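Descriptive analysis of the structure
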Amino acid sequence: MRRFAYIFLIPLFVIGGNVNAQFAKPLPKKQNPWKEAQFSVGIIGGLSATRWFHQGGTSTNFEQPITTIALDSTFLSSALNNALAGITVQKKLGEYNAIGLEVIYANRSTKLNNRFVTPISINHSIEVLAHSSIQYSELLIQIPITQYFTNSAKTIRPYVFVAPRVSLPLQGVFSQEKDTLINASPLFSQYNNATRLINQTTTTSTTDTISARNMNRWNIGAVVGLGIQFRIPVGSYYFDTKLDASCHLGLLNTYSKYERGLVVKKDSNGNDILDPNGNPVLDLPINLNTGRPIDPALLGTRYISNATVKLTLLFPIKKINKDACISWGEYD
C-alpha cells in the first residue's frame, strides 16, 4: 500500500513543481524611459526671416528689413506670413548621431526698396522710388544630420546639425508701388547737394503673381544650425522637444529662364519665331521700373537665404512593456 502511495505521489510532485515554476517566472521589468528609440516621428513649427541677395549685373542696392514681423497690432498676421510647419522622421545612428527627414510648408516674406535716377535732359531727370513687397509660400525638404554633445541618458542635449535642402516655390505675389519724380537737376557736380525742385510726382502700383516667368521653379541649398534637446519621461515612455536656430543659403540663381533671356518667342501655333537670318527671337522680359526690355547681361544673379527658429516635438517609436501588476491572462 505504501509503495503504491509513493508511486502515485512522485508524479504528482513533478507535475506540481512544473506548474509552480510556470507561475513563479519573474514579472517583466518596467522599461527604462531613458533608453533611446531607433526611430522617432514628430511635428515642426517655427518662424523665419527671408533675404534676397543680388549680385553682378547692375548690382542694384536694395534696402531690406531684417524681418517683416511687426511688433504692433499686425503682429499676428505678419508672423503668419513668416511661419512654417511640417513633419519629420528621425533615425538614431549612434549614441551621439542621428539623421532625419523633414518636410515643411513655409511662408516667406520680404521687402525690397530701391531708388534710381535716369537723366532725360541736361536740366531734368526722372527719379523713381520703388517699394516692393514679396509674399510667397514654398515646400521644402531637408535631411538634417545631427551631432549631439552628450549621450541619450542626459535630460538636456545640445547639438549642431547640417542639412541639404530642396525647395519648391508654390504661389505668391510681387507687389510694387513706385513714386516717380521729375526733378530739376543741377548742371554741375558741385551743386549735387542743392535742393531739388519737384515739378511732377506720380504714383503707380503693380502686382504680379509668382510663376515660372519670374522665379526658378526649384532651388537647392545648404543649412547649418545649432540647438538644444529636452527629454521628458512619461511613465515607461518619453518624448523630446528640440529648439534650434539655423541659416540657409540657396545655391541656385533664382532668376527664371525668361528673366535671363533664354526663352524664345512663340507664334500662335507654338512654333519658334525666327528673325530674317533664321535666328530665334528671344522673348525678353520687361523691367517693371523702366518699362523697357531687360538686358540679360545687366541682370546679374539673385540668391535667396533664410534664418529660421523652430520647435520640434518628437515621439519615439518603441514597444512599451506592460507593468508588473498584471493579470494571469496576459501570460497567455
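Residues numbered from 1 in each chain as written. Predicted model: local features only at pLDDT ≥ 70, side-chain atom pairs only at ≥ 80, totals over all residues. Heavy atoms only, no water.

Focus: the overall build of the chain
The helix and strand inventory of the chain stands at three helices and ten strands. The N-to-C order of helical and strand elements in the chain reads α-β-α-β-β-β-β-β-β-β-β-α-β. Relative to its 332 residues, the chain shows a buried fraction of 33%. When contacts within the chain are restricted to residue pairs at least 6 apart in sequence, long-range pairs at least 24 apart make up 73% of them. (Helix = DSSP H or I, 4+ residues; strand = E, 2+ residues; numbered from the N terminus. Buried < 20%, exposed > 50% of the residue type's maximum accessible area, 1.4 Å probe, protein only. Contact = heavy atoms within 4.5 Å.)

As for the side chain of Ser 40
Relative to the helices and strands, Ser 40 is located in strand E1 (residues 39–55). Here Ser 40 is in contact with Thr 88, Val 89, Gln 90, Leu 314, Phe 315, Pro 316 and Ile 317, once residues within four sequence places are set aside.

Digging into the nonpolar core
The biggest cluster of nonpolar side chains holds eight residues, and these are Trp 52, Leu 112, Ile 134, Tyr 136, Phe 174, Ile 210, Met 215 and Ile 304. If near-sequence neighbours (up to four positions away) are discounted, Phe 174 is found in contact with Trp 52, Ser 133, Ile 134, Thr 206, Thr 207, Asp 208, Ile 210 and Asn 214. Residues Tyr 148, Phe 161, Ala 163 and Val 223 belong to the second largest nonpolar core, which totals six residues. (Core = buried A, V, L, I, M, F, W, Y, C linked by side-chain atoms within 4.5 Å.)

What about the confidence of the model for the chain?
Averaged over the chain, the pLDDT score is 81; the fraction of residues at 70 or greater is 77%. When the criterion is pLDDT under 50, residues 19–25 qualifies, and its contacts beyond four places in sequence or with other chains add up to two contacts. Note that pLDDT drops below 50 for residues 324–332; the model gives that stretch nine contacts with residues more than four away or on any other chain. (pLDDT = per-residue confidence, 0-100.)

Quick word on the pairing of strand E10 (residues 301–317)
Where E1 meets E10, 17 bridges bridge the pair, whose relative direction is antiparallel. Across the sheet, Arg 51 pairs through a bridge with Ser 305, a residue of E10. Sheet topology note: the strand E9 (residues 237–250)/E10 ladder contains ten bridges and is antiparallel. Pairing of Leu 243 across the sheet is with Leu 311, part of E10. (Pairing = 2+ DSSP bridges.)

Re the environment of Val 89
Here Val 89 is to be found in strand E2 (residues 83–92). Once you skip the residues sitting within four places of it in the chain, Val 89 turns out to touch Ser 40, Val 41, Ile 99, Gly 100 and Leu 101.

What to know about the pattern of salt bridges
Counting across every chain of the model gives five salt bridges. Put simply, Arg 108 and Glu 138 hold a salt bridge, and the shortest N to O gap is 3.0 Å. Residue Arg 108 is located in strand E3 (residues 97–119), and its partner Glu 138 is located in strand E4 (residues 124–142); the two are separated by 30 residues in the primary sequence. The shortest N-O distance in the salt bridge between Asp 244 and Lys 310 comes to 3.0 Å. Remark: Lys 310 occurs in strand E10 and Asp 244 occurs in strand E9; sequence separation between them is 66 residues. In terms of burial, Asp 244 and Lys 310 fall into one category: buried. (Salt bridge = Lys/Arg side-chain N within 4 Å of Asp/Glu carboxyl O.)

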